[in-house]
2 protein chains.
Amino acid sequence: MSFIKTPAVPVESINPKVKDCEYAVRGEIFNHAQRLQEELEKNPGSRPFDEIIYYNLGNPQALGQKPITFFRQVLALCEYPALLDSDETHKLFSSDAISRAKKILSTLTGKSTGAYSHSKGVKGLREMIADGIALRDGYPANPEDIFLTDGASAAVHMILQLLIRSENDGILCPIPQYPLYSAAITLHGGTLVPYYLSEANNWGLEVFELKGRLDWARENGISVKAMVVINPGNPTGQVLSESNQQEIVELCRKEGLVLLADEVYQDNVYVKDKKFISFKRIIRSGYREDEISMVSFQSISKGYYGECGKRGGYMELCGFREDVKDQIYKVASVNLCSNTSGQILASLIMNPPKPGEESHKLFFSEKEAILSSLGRRAKALEDAFNSMEGVSCQKAEGAMYLFPRIKLPNKAIEAAKKASMVPDAFYALRLLDATGLVLVPGSGFGQVPGTWHVRTTILPDESKIPAIVSRLKAFHESFMSEFQD
Amino acid sequence: MSFIKTPAVPVESINPKVKDCEYAVRGEIFNHAQRLQEELEKNPGSRPFDEIIYYNLGNPQALGQKPITFFRQVLALCEYPALLDSDETHKLFSSDAISRAKKILSTLTGKSTGAYSHSKGVKGLREMIADGIALRDGYPANPEDIFLTDGASAAVHMILQLLIRSENDGILCPIPQYPLYSAAITLHGGTLVPYYLSEANNWGLEVFELKGRLDWARENGISVKAMVVINPGNPTGQVLSESNQQEIVELCRKEGLVLLADEVYQDNVYVKDKKFISFKRIIRSGYREDEISMVSFQSISKGYYGECGKRGGYMELCGFREDVKDQIYKVASVNLCSNTSGQILASLIMNPPKPGEESHKLFFSEKEAILSSLGRRAKALEDAFNSMEGVSCQKAEGAMYLFPRIKLPNKAIEAAKKASMVPDAFYALRLLDATGLVLVPGSGFGQVPGTWHVRTTILPDESKIPAIVSRLKAFHESFMSEFQD
């Protein structure tokens, strides 16, 4: 009998949108890193480094950041409420964690984290989040406009799926952008309409650039439906000024664009002269409800909490018609609900302990320690990059990344071409092979043609920064001398 | 100044696939129930019942089912590992919950549930699941073929997104079906190719029916990519026989169809003469790896565990080529990972406490109490439906539902037409208005034209069954006499 290979699913037969989509943050460099890690586990000492260190992803707890105690106490009590009946519990948990857990449990369907919730999320938790938003912005929030999701990514998918009908529908995206947007636009079959952030202007957003891109898209038959703004910026770290935000909102209003405000780094601002202002606040202080449609995305994965693995987040809709909200709710209901641990954490990050509550002191010190350390790490890495030959790095005002520009020698660009690689991916691969450090090439985020970047998180443990900086510098010097023109 | 309404998103402009998709389980009847519930909260006593009881959805913990103690102990320890360092912990947690939590924590990225995991799920947890599958089937499972997801629904979406290119790609689905499939096929732009289960044959699956439908689809230019089988059945409750499963596998092999095996009710079998056999086992015992492609879906939401709100599940791929698996992994990576609590629970349901471990006795008694009670409830409701005029109800061999057929009088069908309603939705709405019981009309699942059904879960608390049965019967009698021909 001959051996006939008849797989039911040849790769040629799959959805081309799936084939075309790319996600650089866990792309080729990351896959190579995983192979190296396996190799190191089998043959320790086979490489000039002991471990692979993943700076490709904003994943703080993977790199040793501890979760906020209060948040985890509440979560543990909600998962195993039998603890609430025990005398020992008061020795192990703070009184406000206990009372918060009781309050949360009372709002859950069946008083259990194990029941499907309302498809928008538990109503009581949405109310707590609405309170937190109102406190942040000085304007009320409606719990019915809040949809809890398994991380912000799920919310972005839902909105793009709603807006995109075909490749003739465009979404304005910053370049560089977080590649969830390019991947999701590809998967949903739309067209990414790029607008470039100005590196020289600390990655600022220029409205004339936006207008030009919008004109270009329309001349090419693309109906632009929405505009993505990431503030604070990923991978660029800029924090938008209030006047810049006002210009953006006004442009979206005039042009009838839905503003997709990725605000997942709202708690990550490191410079004294900038602060996070929500787009909701900008809109509420100058516009009527029906003048502009905006979606604000928030996540439990970032900030000082970094609860990535718990997959929590929400989107708040502003200025959407009831019939459209009904459609979003219907799609949410097909997947029943987001996970309740993530829902609980979303309610907690928007309502952390207040002064006077038992946990507040510890909470405040944990939060401040993380944020001030992140600020110091951002500065140390920024200085290190700026001290390297041919590298320039803008200030990280916020978020969790640096996006240094690397002036690659022509010989390196030629060597990359020979290896059939994009030059900055060639650089990142060489860096990985030499040091075990996983960075993401700028080409995965987009960049002005002819410029090359890498993205690193600012998450290395503070004690490790000096060693990492010297590895980075040593590699860079050797790379530049190998390929000097 | 005139008030001009210029919403950026008129509903006419959204993705028509979103508009077209329907999900009956949380559809119109459910929305009406929620309005009634709000009304009852504002005006107690305004209706002939005190509360709305949701039997539209397999959501056991919403109806009072308690979670399995061992599972929640492990989860609480993983969420707040500081407990592991405390002397009090041994008073509150069983020793095997403590050791299991330690083992799980050691496998997590950064030893924390708060880190993003591998995009397929934590490798150590996939290994535990593979062990559980191997024990179930007697054939090994490869952790690299297991993808952990936020509930089985997310896995179904991933596979349909992979397979469907356009409306010319078809997916064979049982009728009646769980409406996730119809909703997801619509959202992904494919065509549902129905095959009818045989109600007279206790909702059995007949291969000649399948072949006929396949021929019909191909004559109409539809390329049928995959076949969905739900075993045990939802909403129908049948458990397939081994010989029937073999016929299905052979058909899929011959026709080059991917077998999508929805096996989320694998722990829910209530009759002595039937047992659950996985399609993996059928395939492994008769076919080469490359002869057939199959995906098995499992969920933490069903079984005796019912951990719906935690959103955990997995799919196991069999007979997929590496290049296709790489594509699935890439799409998984765009969303980073599924939630870690759900991942942990998936590892636990596939590896519950074993005899001799401290928790086993309690675990076993909790599990048996739930399953035997579900069996009794299924029988009591089945008998009740069969005692009603014009109603016939097949035996629930497994799963969590009954799907009784109701012979509606012509006058009721005419009244429904006048109200612009499908007749079984009219019946379900009248039932809801009279009793507060939320059932789902059969039309939401599909049924042979001219037949009418409703789906109910078997989840009412056992003590409430007699009262529910008398409400159902009283309503049915009054409905039948109101509309008698």
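Please read these numbers as outputs of a predicted model, since none were measured by experiment.

**Student:** An account of the sheet that holds strand β13 (residues 440-441) of chain B is needed here, citing residue identities and associated values.
**Tutor:** Backbone hydrogen bonds are what pair the strands of a sheet, in a parallel or an antiparallel way. An order of β10-β14-β13 (chain B) is seen for the three strands of this open sheet, with the pairing classed as antiparallel. Strands with a single pairing partner mark the edges of an open sheet, and in this sheet they are β10 (401-402) and β13 of chain B.

**Student:** Before we move on, can you summarise helix α12 (residues 322-334) of chain B with the specific residues and values?
**Tutor:** Residues and elements named next belong to chain B. Look at α12: 19 Å from first C-alpha to last across 13 residues, which is about the 18 Å you get at 1.5 Å a residue. With ten of 13 residues buried, α12 lies mostly within the body of the structure. Taken together, the buried positions of α12 are occupied by Val 324, Lys 325, Gln 327, Ile 328, Tyr 329, Lys 330, Val 331, Ala 332, Ser 333 and Val 334. Remark: Leu 336 follows α12 within two positions and exhibits a positive phi of approximately 70 degrees.

**Student:** Residue-level account of the domain arrangement of chain A, with values.
**Tutor:** Residue and element names in this part refer to chain A. Here chain A is described as being made up of domain 1 (11-64 + 365-482) and domain 2 (116-350). Spacing between the C-alpha centres of domain 1 and domain 2 amounts to 27 Å. Between domain 1 and domain 2, the contact holds 37 residues from the first and 37 residues from the second. For the pair domain 1 and domain 2, the summed buried surface comes to about 3000 Å²; carbon and sulfur atoms form 58% of the total. Interface area lost by domain 1 to domain 2 is led by Gln 394, Glu 397 and Ala 399, which between them contribute 22%. Across the domain 1-domain 2 interface, the total number found is one salt bridge. The salt bridge involving Lys 274 is made with Glu 397; its shortest N-O contact spans 3.1 Å.

**Student:** Mind laying out the environment of Lys 123 of chain B, listing which residues take part and the relevant values?
**Tutor:** Residue and element names in this part refer to chain B. In this structure, Lys 123 sits in helix α6 (residues 123-137). Assessed through its relative accessible area of 41%, Lys 123 is described here as partly exposed. In the structure, Lys 123 is positioned 24 residues away from Phe 147 in sequence and 9.9 Å away in space, judged by C-alpha atoms.

**Student:** If you had to explain the UniProt feature "domain: Aminotransferase class I/classII large" (unreviewed entry) in chain A to someone new, which residues and values would you point to?
**Tutor:** Mapped onto this structure's residue numbering, the UniProt feature "domain: Aminotransferase class I/classII large" (unreviewed entry) falls at residues 95-471 of chain A. Secondary structure over residues 95-471 of chain A splits into 43% helix and 15% strand, and the C-alpha atoms at its two ends are 46 Å apart.

**Student:** Give me the relation of the copies chain A and chain B: which residues, what numbers.
**Tutor:** Two copies of the chain are present, and they differ by a rotation about an axis and a shift along that axis. Between chain A and chain B, the superposition needs a rotation of 180 degrees and an axial shift of 0.0 Å, giving an RMSD of 0.0 Å. Taken together, the rotation and translation relating the two chain copies correspond to the operation of a two-fold axis. Among all residues of chain A, the one whose C-alpha sits closest to the rotation axis is Ala 76 of chain A, at a distance of 2.2 Å. A shared interface surface links the copies, since 100% of the contact residues of chain A are contact residues in chain B too.

**Student:** Hey, could you go over the packing of aromatic side chains for me, with residue numbers and the actual values?
**Tutor:** Considering all chains together, one arrives at 32 aromatic pairs over all chains under this definition. Between Phe 403 of chain A and Phe 445 of chain A the ring centres are 5.6 Å apart and the planes differ by 80 degrees, which places this aromatic pair in the edge-to-face class. One end of the pair, Phe 403 of chain A, is in the loop between β10 (401-402) and β11 (405-406); the other, Phe 445 of chain A, is in the loop between β13 (440-441) and β14 (454-457), and 42 residues separate them in sequence. Judged by relative accessible area, which is 2%, Phe 403 of chain A ranks as buried. Classification of Phe 445 of chain A by relative accessible area gives buried; the value is 1%. Cluster of aromatic residues (ring-pair linked, three or more members): Phe 70, Phe 71, Tyr 304, Tyr 305 and Phe 363 of chain A. Just above the ring of Tyr 329 of chain B sits the side chain of Lys 120 of chain B; from NZ or CZ to the centre is 5.6 Å. We note Arg 455 of chain B situated over the ring of Tyr 401 of chain B; from NZ or CZ to the ring centre the distance is 3.9 Å.

**Student:** With reference to specific residues and values, describe the sheet that holds β13 of chain A.
**Tutor:** Residues and elements named next belong to chain A. The sheet built from three strands is open, its strands ordered β10-β14-β13 with antiparallel pairing. Only two strands of the sheet have a single neighbouring strand rather than two, namely β10 and β13. As paired strands, β13 and β14 are joined by two bridges and run antiparallel to one another. Within the sheet, the bridge partner assigned to Pro 441 lies in β14 and is Val 454.

**Student:** An account of the side chain of Ser 278 of chain B is requested, with residue identities and associated values reported.
**Tutor:** All names here are of chain B. Considering the arrangement of structural elements, one finds Ser 278 in the loop between β6 (258-262) and α11 (279-284). Ser 278 sits in the buried class, given a relative accessible area of 2%. In this structure the side chain of Ser 278 is engaged in a polar contact, spanning 3.0 Å, whose partner is the backbone nitrogen of Arg 281. If we ignore the near neighbours within four places in the chain, the residues touching Ser 278 are Arg 136, Asp 137, Gln 245 and Glu 263.

What counts as what
Residues numbered from 1 in each chain as written. Chains lettered and ligands numbered in written order. Predicted model: local features only at pLDDT ≥ 70, side-chain atom pairs only at ≥ 80, totals over all residues. Heavy atoms only, no water. Pairing = 2+ DSSP bridges. Helix = DSSP H or I, 4+ residues; strand = E, 2+ residues; numbered from the N terminus. Expected span 1.5 Å × (residues − 1). Buried < 20%, exposed > 50% of the residue type's maximum accessible area, 1.4 Å probe, protein only. Domains from an automatic or database assignment. Contact = heavy atoms within 4.5 Å. Buried area = accessible area lost by both parts, 1.4 Å probe. Salt bridge = Lys/Arg side-chain N within 4 Å of Asp/Glu carboxyl O. UniProt positions renumbered as here; feature names shortened; annotations may be inferred. Least-squares fit on C-alpha atoms with pLDDT ≥ 70 in both. Phe/Tyr/Trp six-rings, centres within 6.5 Å; stacked < 30°, edge-to-face > 60°. Lys NZ or Arg CZ within 6 Å of the ring centre and 35° of its normal. Polar contact = N/O pair within 3.5 Å; in protein donor to acceptor, adjacent residues only side chain to side chain.

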